[in-house]
Amino acid sequence: MADIKIPKHLAIILDGNGRWAKRRNLPRLMGHRAGLRKLEDMVRLVKREGIRYFSVYAFSTENWNRPVMEVTGLMRLFDYYLRRKVDEVKAEGARIRFCGRKDRIPDELRERMLWAEDYTKDEKILDFILCINYGGRAEILDAVNSIIAEKPQSPITEQDLRNHFYLPDVPDPDLIIRTSGELRLSNFWLWESAYSEYYFTDIHWPDFGEAELKKALADYAGRERRYGGLKS
Ligand code: FPP
């Protein structure tokens, strides 16, 4: 087979669950449930493509502003996922990791998140990163504040910042996909996306399948990344 360029870190902004549901006259939470099922498939597909890091933007620091019922429903969905699906993820050789602020997360869910991370920590085929209560600005601020607390005198370097991000060992995303037609980053991987490639599609997240993933990866494989340099 030809040597296809595969992103080492694929990131997806899961957007459009609400619109998917609305189009079907269903409550928004049904859209999130469909989105979760799609995510379960995607972990397997992404692994099959040979991707090493897969991160998803599932809940942002701004999503707390949604109606209480939707926020509670999403937290329950995360909890359900951790109670029922972690074994399947582990069987795929995937390590579950969370990225984001741990405050505001209900205690019981936070405990379960810690448990899932520990339970899957030795899996080495894929790092499946769930960005929950994540915001790029919050991550940068948190890093700066912890550096200042440690060494108030020195000038802060890029490496200092990276060392204090939520997941310092995870490489920057090579490809960021956003579903559902919006053309923005919405505070996802703000620092880390400096040289990421973007792929936008109008398809709502619950409809994003294998064919779409392959299309995005083929598009990525055809791009030339120069990181500010000249054509090679
Ligand atoms: C954005 O669509 C989607 C979310 C804010 C939630 C995404 C969450 C899931 C797919 C469930 C994932 C489950 C786990 C365990 C991580 P939207 O509601 O903004 O859709 P809209 O823009 O059409 O209203």
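Please refer to the structure higher up on the page.
Residues numbered from 1 in each chain as written. Predicted model: local features only at pLDDT ≥ 70, side-chain atom pairs only at ≥ 80, totals over all residues. Heavy atoms only, no water.

Taken together, 18 residues surround the ligand, and among them Leu14, Gly18, Arg19, Arg28 and Arg66 come closest. At 3.0 Å, a backbone N or O of Gly18 approaches an oxygen atom of the ligand. Notes on the ligand: free accessible area 620 Å², of which the protein chains cover 92%. When atom positions are compared with the pocket grids, the ligand is found to occupy the largest pocket. The set of elements that each furnish at least two residues to the shell around the ligand consists of helix H1 (17-23), helix H2 (28-48) and helix H3 (68-84). In terms of residues, the shell around the ligand owes the most to one element, H2, which gives five residues. Split into classes, the residues belonging to the shell around the ligand amount to eight nonpolar, six polar and four charged. (Near = heavy atom within 4 Å. Polar contact = N/O pair within 3.5 Å; in protein donor to acceptor, adjacent residues only side chain to side chain. Areas by Shrake-Rupley, 256 points an atom, 1.4 Å probe, with all protein chains shown as cover. 1 Å grid on protein atoms, 1.4 Å probe; cavity = no way out; pocket = protein on both sides within 12 Å on 5 of 7 lines; lining within 4 Å. Sits in = over half its atoms within 2 Å of the grid points. Helix = DSSP H or I, 4+ residues; strand = E, 2+ residues; numbered from the N terminus. Nonpolar A, V, L, I, M, F, W, Y, C, P; charged D, E, K, R; others polar.)

All told, the structure shown has one cavity of 30 Å³ or more when counted by the stated rule. Computed from the structure, the largest cavity encloses a volume of approximately 60 Å³. Together, Glu40, Val43, Arg44, Tyr81, Lys85, Glu88, Val89 and Glu92 line the largest cavity. For the lining of the largest cavity, the secondary-structure elements that each account for two or more residues are H2 and helix H4 (86-91). Ranked by residues supplied to the lining of the largest cavity, first place goes to H2 with three residues. Residues of the lining of the largest cavity, tallied by class, amount to three nonpolar, no polar and five charged. (Points joined across faces, edges and corners; volume = space filled by probe spheres on them.)

Next up on the list: the packing of H3 against helix H5 (residues 107-119). At a minimum axis distance of 10 Å, the contact between H3 and H5 shows a crossing angle of 35°. H5 is crossed by H3, and the crossing has left-handed handedness. Judged by residue contacts, Met75, Phe78, Asp79, Leu82 and Arg83 of H3 engage Leu109, Arg112, Met113, Trp115 and Ala116 from H5. Along the lines of polarity and charge, the residues of the contact of H3 with H5 split into seven nonpolar, no polar and three charged. (Axes fitted to C-alpha atoms, helices over the stretch in contact; angles between N-to-C directions. Left-handed = near helix turned anticlockwise from the far one by under 90°. Contact = heavy atoms within 4.5 Å.)

Mapped onto the secondary structure, Asn187 falls in the loop between strand E5 (175-178) and strand E6 (197-200). Reaching out from Asn187, the side chain makes a polar contact with the backbone nitrogen of Arg137 at a distance of 2.9 Å. Contacts of Asn187, omitting those with residues within four sequence positions, involve Tyr57, Thr61, Glu62, Tyr134, Gly135, Gly136 and Arg137.

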